[in-house]
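Tertiary structure, described
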Amino acid sequence: MSKLFRAVIMGPPGSGKGTISERIAHSFGLKHLSSGDFVRENISAKTEAGVLAKTYIKKGLLVPDHVMTRLLLPRLEEMTKCSWLLDGFPRTLAQAEALNSACDLDVAINLNIPLETLKERLRHRWIHPSSGRVYNMCFNPPRVQGIDDITGEPLIQQEDDRPEALVARLRHYKDVAKPVIDFYKAKGILYTYSDTETDQIWPNISTLLSTKIPTIQSDARCASTH
Ligand SMILES: Nc1ncnc2c1ncn2[C@@H]1O[C@H](COP(=O)(O)OP(=O)(O)OP(=O)(O)O)[C@@H](O)[C@H]1O
Ligand SMILES: Nc1nc2c(ncn2[C@@H]2O[C@H](COP(=O)(O)OP(=O)(O)O)[C@@H](O)[C@H]2O)c(=O)[nH]1
């Protein structure tokens, strides 16, 4: 029987969540929901949660769980006809538990990428700040160096993508992600992928999803966010 498909993708900064989510959205017609994009939309729209979130992001902090869930869960609840893949949420056990109360997940993809690879990738990561579009000067460069392909606006490098900042970010990631990974492992829906190249991981994820989404309804195929 056809049913909607619900998945999350987890991994440290630079592990390829955004890149792989785009491929999944494109190949399987799932909606790619990025928590970072939701946060940025709310900041631009100056919603109550967005104004609050901005105060934390400016300090380089994660947005508190109750603000994040208030921002995200109503959006998920609206998506009753759509299969989706959630990228960047949950990041903490409290968020995973809140998500679990709102919906049943089919798959949790966990990207486990070596530290040296993450450092190297983020050193070359450039983003278009208002859309969150991501480039890499080696892996997927923009058509014109330093310029967003779609808007023609300048790209920036994030302060916290610097190798010095990354080590602290990764330590923090490991601490908060471990209980989330254990939570999904206990539920029997965790799929972990380890490699240095997205192109090596991708066929394995594609095979997994082909077995998990064989009967997705055509009207449950939703466009990607980008
Ligand atoms: N699930 C979440 N919980 C708490 N804060 C979040 C969450 N998702 C996004 N944020 C906030 O929004 C900001 C932007 O998120 P986004 O995922 O785009 O970038 P990021 O943290 O640089 O992640 P990555 O480097 O893994 O792509 C984060 O730095 C964080 O402050
Ligand atoms: N060299 C290289 N860069 C990659 C690969 N996969 C993704 N990237 C780049 O690495 C950076 C981090 O990827 P991203 O998808 O933003 O990861 P996220 O932080 O987990 O969402 C981006 O600049 C990507 O373009 C890969 O296999 N090789």
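Residues numbered from 1 in each chain as written. Chains lettered and ligands numbered in written order. Predicted model: local features only at pLDDT ≥ 70, side-chain atom pairs only at ≥ 80, totals over all residues. Heavy atoms only, no water.

1. Quick word on the layout of surface pockets
In plain terms, the rule: Site definitions follow a grid-based scheme: protein atoms alone, a 1 Å grid, a 1.4 Å probe that fits but cannot get out for cavities, and for pockets an open set with protein on both sides within 12 Å along at least five of seven lines, plus lining residues having an atom within 4 Å of a point. Grid points are joined across faces, edges and corners, and a volume is the space filled by probe spheres set on the points. Secondary structure elements are taken from DSSP: a helix is a run of H or I of four residues or more, a strand is a run of E of two residues or more, and numbering for both begins at the N terminus. Gly is put with the polar residues, along with every residue not named as nonpolar or charged; the nonpolar set is Ala, Val, Leu, Ile, Met, Phe, Trp, Tyr, Cys and Pro, and the charged set is Asp, Glu, Lys and Arg.
Each pocket or cavity is described by its volume, and for the second largest pocket that value is around 350 Å³. At the level of elements, strand 4 (107-112), helix 6 (115-123) and helix 7 (163-187) are the ones that each hand at least two residues to the lining of the second largest pocket. A class-by-class count of the residues in the lining of the second largest pocket yields 11 nonpolar, 3 polar and 3 charged.

2. Quick notes on the confidence of the model for the protein
The criterion, for reference: pLDDT measures the predictor's confidence residue by residue and takes values from 0 up to 100.
Looking at the protein as a whole, its pLDDT mean stands at 89, while 93% of the residues score no less than 70. If you check the scores for this complex, the pTM reads 0.90 and the ipTM reads 0.95.

3. Examining the UniProt feature "binding site: a ribonucleoside 5'-triphosphate" (unreviewed entry) in the protein
Heads up, the rule is: UniProt positions are given in the numbering used here, feature names are shortened, and annotations may be inferred rather than shown by experiment. Residues are treated as being in contact if the distance between any of their heavy atoms lies within 4.5 Å.
Listed under "binding site: a ribonucleoside 5'-triphosphate" (unreviewed entry) in the UniProt record, and renumbered for this structure, are G14, S15, G16, K17, G18, T19, R125, V134, Y135 and T198. If you trace the backbone, S15 turns up in the loop between strand 1 (6-10) and helix 1 (17-28). Beyond its immediate sequence surroundings of up to four residues, S15 is in contact with L111, I113, L118 and R121. Mapped onto the elements of the fold, V134 is located in strand 6 (residues 133-136).

4. A closer look at the pattern of salt bridges
Stated precisely, the cut-off is as follows: When a carboxyl oxygen of Asp or Glu is within 4 Å of a side-chain nitrogen of Lys or Arg, the pair counts as a salt bridge. Only protein chains enter the accessibility calculation, which uses a 1.4 Å probe; a residue is then buried when its area is under 20% of its type maximum, exposed when over 50%, and partly exposed in between.
Scanning all chains against the criterion turns up 10 salt bridges. Among the salt bridges present, the one from D148 reaches R133, with a minimum N-O distance of 2.9 Å. Of this pair, D148 sits in the loop between strand 6 and helix 7 while R133 sits in strand 6, and the two are 15 residues apart along the sequence. The class for D148 is buried, based on a relative accessible area of 1%. Put simply, D182 and K178 hold a salt bridge, and the shortest N to O gap is 2.9 Å. With D182 and K178 both in helix 7 and 4 residues apart, this pair spans about one turn of that helix. We classify D182 as partly exposed; its relative accessible area is 31%. A single network of salt bridges, built from pairs that share partners, joins R125, D161 and R169.

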